[in-house]
Amino acid sequence: SPQDFTAAGTHVRYTTKDDSLYAILMKWESTGPTFLRLVAEEGATVRMLGVPMDRLEWKQSEAGLVVSPPLQDMSNGKKPNVPCDHAFVYKITPRPTWIEP
């Protein structure tokens, strides 16, 4: 189904705990993922596990939830902060809803 992939075609799997949704990507998206058909409420917090930031920037689009990549300051400007080599986990709180097809 469409929600099994990001807009860029990366496989994504979801799980929940308490009032949070965890989106797990197996591939790094340097421009940040768009989670198709996902709708977060105003004021929601999006974090990336393994990145020492309180929250990531995000916006809602017609396609779904668009998350900006975590950035780190480098001597030549801001560069993406790739936290690991394997899975990339985004925590969205409170749990968003799905746009019906």
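Residues numbered from 1 in each chain as written. Predicted model: local features only at pLDDT ≥ 70, side-chain atom pairs only at ≥ 80, totals over all residues. Heavy atoms only, no water.

Caption draft 1: Broad picture of the environment of Leu-56. Residue position: Leu-56 is located in the loop between β5 (45-48) and β6 (58-60). In this structure Leu-56 comes out as buried when scored by relative accessible area, which is 6%. Sequence-wise, Leu-56 and Ser-68 are twelve residues apart; in three dimensions their C-alpha atoms are separated by 6.5 Å. With near-sequence residues (within four places) excluded, Leu-56 lies in contact with Val-46, Arg-47, Met-48, Val-67, Ser-68, Pro-70 and Tyr-90. (Helix = DSSP H or I, 4+ residues; strand = E, 2+ residues; numbered from the N terminus. Buried < 20%, exposed > 50% of the residue type's maximum accessible area, 1.4 Å probe, protein only. Contact = heavy atoms within 4.5 Å.)

Caption draft 2: View of the packing of aromatic side chains. A complete count under the given rule lists four aromatic pairs for this structure. Each ring, one from Tyr-14 and one from Phe-35, has its centre 6.3 Å from the other, and the planes form 65 degrees; the classification is edge-to-face. In this pair, Tyr-14 is assigned in strand β1 (residues 12-17) and Phe-35 in strand β3 (residues 34-36), connecting sequence segments 21 residues apart. Classification of Phe-35 as buried rests on a relative accessible area of 0%. Ring centres 5.0 Å apart and planes at 85 degrees place the aromatic pair Tyr-14 and Trp-98 in the edge-to-face group. You can see Tyr-14 sitting in strand β1 and its partner Trp-98 sitting in strand β11 (residues 97-98), a full 84 residues away along the chain. Using a relative accessible area of 24% as the deciding quantity, one classes Tyr-14 as partly exposed. Put simply, the rings of Tyr-14, Phe-35, Tyr-90 and Trp-98 touch in pairs and so form one group of aromatic residues. (Phe/Tyr/Trp six-rings, centres within 6.5 Å; stacked < 30°, edge-to-face > 60°.)

Caption draft 3: Expanded view of the nonpolar core. Grouped together as the largest cluster of nonpolar side chains are 18 residues, with contacts concentrated most on Phe-35, Met-48, Leu-65, Val-67 and Tyr-90. Of all the elements in the fold, those that place two or more residues in this core are β2 (20-25), β5, β7 (64-67) and β10 (88-93). Aside from chain neighbours lying at most four places away, what touches Tyr-90 is Leu-21, Tyr-22, Ala-23, Leu-25, Trp-28, Pro-33, Phe-35, Val-46, Arg-47, Met-48, Leu-56 and Val-67. (Core = buried A, V, L, I, M, F, W, Y, C linked by side-chain atoms within 4.5 Å.)

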